[in-house]
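The lines below spell out each chain.
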Amino acid sequence: MVKGKKVQKKTQKTALVARKNEEAMIAGILEGSPDGIGVVIVRLQCGCKKMAAVKIDGEPASKIIIYRDQSESICRKCKEDNGDFMRVTESFIHWASPEPTDTIKETISAKVLGTPHVSN
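Before going into details, it helps to say that this report is about the structure given with it. Nothing here was measured: the structure is a model prediction, and the numbers come from that model.

## With respect to unusual backbone geometry
Residue Pro-98 follows Ser-97 across a cis peptide bond; omega there is -5 degrees. Even without a glycine there, the phi angle at Asn-82 is positive, about 60 degrees. Inspection of the secondary structure assignment puts Asn-82 in the loop between helix H2 (76-81) and strand E4 (88-95).

Written out as structure tokens, the structure reads:
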């Protein structure tokens, strides 16, 4: 059991570092995008991430940045396909403070990320 706890602790520490790195990228993107009210974050299966600031109307407020935590460059697959949407594991918008209303958030999220497909 001790070995399992060490692995779990190491995994939590790695996740925490990645989160801090991600927050630093978000702050930098927002700082360089005065019209930005949030940053779209798309996480890929390979560990690379795509980010871009978004304006109140849902249009881009910055260029798309692709990066990989603690790496000099993105992975080979992302270099080939620019982070294809088929490899997306998670996507969301990190809202800047003060956050827009829930209605505005929903409208922007639908425009930027799409709406989930619901099957009957």
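## Comments concerning the pattern of salt bridges
Within the structure shown, the criterion is met by eight salt bridges. Asp-69 is paired through a salt bridge with Lys-49; the nearest N and O atoms lie 2.8 Å apart. Highlighted residues: Asp-69 in the loop between strand E3 (65-68) and H2 and Lys-49 in strand E2 (residues 48-54), separated in sequence by 20 residues. Residue class for Asp-69 comes out buried when judged on its relative accessible area of 19%. Of the charged contacts in the structure, one is a salt bridge between Lys-105 and Glu-99, with a shortest N-O distance of 2.3 Å. Overall, the relative accessible area of 47% leaves Glu-99 in the partly exposed class. Each of Glu-22, Arg-43, Lys-49, Asp-69 and Glu-90 takes part in one network of salt bridges that share partners.

Scoring rules and cut-offs
Residues numbered from 1 in each chain as written. Predicted model: local features only at pLDDT ≥ 70, side-chain atom pairs only at ≥ 80, totals over all residues. Heavy atoms only, no water. Helix = DSSP H or I, 4+ residues; strand = E, 2+ residues; numbered from the N terminus. Salt bridge = Lys/Arg side-chain N within 4 Å of Asp/Glu carboxyl O. Buried < 20%, exposed > 50% of the residue type's maximum accessible area, 1.4 Å probe, protein only.

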